[in-house]
Amino acid sequence: LQSQVKFHGFDPEEALVKFEPREGEATLRTEDIIAKIKDHAEAGDVALVMMSGVQYYTGQRFDIKTITKAARDCQIPIGWD
């Protein structure tokens, strides 16, 4: 993703949005992911949501169906790795 962001003239540090768990927690909550998608959709600063189906470090499996619906409801393309 970073190479594509750079290719299109953007700084990956500013253009890529990273998700982090709440303080004291090891995994991401689906509702937090959806809230971040909606926040960025309302701000008009998101072109694509790209996520892994499983978080490599923790083994957390994401709710692909629910997250995909949230992105599509916001008219944002979503891709899964």
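The text that follows walks through the structure, step by step, so that each part is easy to find. (Residues numbered from 1 in each chain as written. Predicted model: local features only at pLDDT ≥ 70, side-chain atom pairs only at ≥ 80, totals over all residues. Heavy atoms only, no water.)

## Structural notes on the side chain of Q60
Threshold: Helix and strand assignments follow DSSP, with helices taken as H or I runs no shorter than four residues and strands as E runs no shorter than two, numbered in order from the N terminus. Pairs of N or O atoms within 3.5 Å make up the polar contacts considered here, provided that, within protein, one atom can donate a hydrogen while the other can accept it, and that residues adjacent in sequence are counted only when both atoms are side-chain atoms. Throughout, a residue-residue contact means that at least one pair of heavy atoms, one from each residue, lies within 4.5 Å.
Looking at where Q60 falls in the secondary structure, it is placed in the loop between β1 (49-51) and α4 (64-73). For Q60, the side chain forms a polar contact with the main-chain oxygen of L28, separated by 2.5 Å. When residues no more than four places from it in sequence are discounted, the contact partners of Q60 are T27, L28, G53, V54 and Q55.

## As for the packing of aromatic side chains
Going by this rule: What counts as a ring pair is set by centres within 6.5 Å for rings of Phe, Tyr and Trp (its six-membered ring), and what kind of pair is set by the plane angle: stacked under 30 degrees, edge-to-face over 60, tilted for all other angles. Burial status follows relative accessibility: with a 1.4 Å probe on protein chains alone, a residue under 20% of its type maximum counts as buried, one over 50% as exposed, and anything between as partly exposed.
The tally for this structure, following the rule as stated, stands at one aromatic pair. Note on Y56 and Y57: the rings are 5.3 Å apart at their centroids and 75° apart in plane angle, and the pair reads as edge-to-face. Take Y56 and Y57: they sit in the same class, and that class is exposed.

## What about the pattern of salt bridges?
In plain terms, the rule: For this analysis, a salt bridge means a side-chain nitrogen from Lys or Arg found within 4 Å of a carboxyl oxygen belonging to Asp or Glu.
For the coordinates displayed, the defined rule picks out four salt bridges. Between R29 and E25 there is a salt bridge whose closest N-O contact spans 2.4 Å. Among the residues examined, R29 registers a relative accessible area of 30% and is labelled partly exposed. A relative accessible area of 30% means that E25 is categorised as partly exposed. Each member of the salt-bridge network shares a partner with another, and the members are E25, R29 and E31.

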